[in-house]
Amino acid sequence: MSDDVRLTKSELISFAAAIFTVVGVAPDMAARWAEAVVWANLRGVDSHGVIRIPRYVDLLKKKSINPRPTMRLERSAGAIAVLDADRAPGAIGMARAMDEAIARAKDVHVGWCAAKNITHAGAVGYFALQ
């Protein structure tokens, strides 16, 4: 008999999201953040996976990460946008920036969004693949 615990991908995402939610992150943001963290593990980038959750929780408790940011576009013109992420969890700020870059690309065939005031973004490959 082993002490190992095995979780499915969806169980691990739910578990990670529950942790983020308990420390004040909005449930929809917690779920999106958890997906990015688990993605890192599944890609073999364990240094940016669930192992980072305790550090993220610490940063949330210290108010270094804003659990309920008010992100806003500072500028959006043609292919370019600038997002102020209000110290959002990095994965949330990056996801929002990618959403905006994709929207820009749909309008003018190329898109770019600079994100400022974000925190640790995690495995940035997650966003590049979008």
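In this report, we go over the structure that sits alongside the text. (Residues numbered from 1 in each chain as written. Predicted model: local features only at pLDDT ≥ 70, side-chain atom pairs only at ≥ 80, totals over all residues. Heavy atoms only, no water.)

Applying the stated rule across the entire model yields 1 cavity of 30 Å³ or more. The wall of the largest cavity is formed by Trp33, Ala36, Val37, His48, Tyr56, Ala91, His120, Ala121, Gly122, Ala123 and Tyr126. When residues of the lining of the largest cavity are assigned to their parent elements, the largest contribution, 3 residues, is made by helix α2 (residues 27-42). Residues belonging to the lining of the largest cavity are distributed by class as follows: 8 nonpolar, 3 polar and no charged. (1 Å grid on protein atoms, 1.4 Å probe; cavity = no way out; pocket = protein on both sides within 12 Å on 5 of 7 lines; lining within 4 Å. Points joined across faces, edges and corners; volume = space filled by probe spheres on them. Helix = DSSP H or I, 4+ residues; strand = E, 2+ residues; numbered from the N terminus. Nonpolar A, V, L, I, M, F, W, Y, C, P; charged D, E, K, R; others polar.)

Let us look at the nonpolar core. By size, the foremost hydrophobic cluster in this structure holds 26 residues, and its most contacted members are Phe20, Val25 and Trp33. The set of elements that each furnish at least two residues to this core consists of α1 (9-22), α2, α3 (53-61), α4 (90-108) and α5 (125-128). Here this core takes 9 residues from α2, the largest share from any one element. (Core = buried A, V, L, I, M, F, W, Y, C linked by side-chain atoms within 4.5 Å. Buried < 20%, exposed > 50% of the residue type's maximum accessible area, 1.4 Å probe, protein only.)

This next bit is on the sheet that holds strand β2 (residues 80-88). If you walk across this open sheet you meet the 3 strands as β1-β2-β3, and the pairing is mixed. A single partner strand is all that each edge strand has here, and the edge strands are β1 (72-77) and β3 (112-118). Strand after strand, the sheet turns through a mean of 15° between neighbouring axes, direction not considered. Taken together, the 5 bridges between β1 and β2 define a ladder with antiparallel strand orientation. Note on β2: the bridge partner recorded for Ala77 is Ile80. Along the sheet, α4 contacts β1, β2 and β3; its crossing angle with β2, the most-contacted strand, is approximately 165°. (Pairing = 2+ DSSP bridges. Axes fitted to C-alpha atoms, helices over the stretch in contact; angles between N-to-C directions. Contact = heavy atoms within 4.5 Å.)

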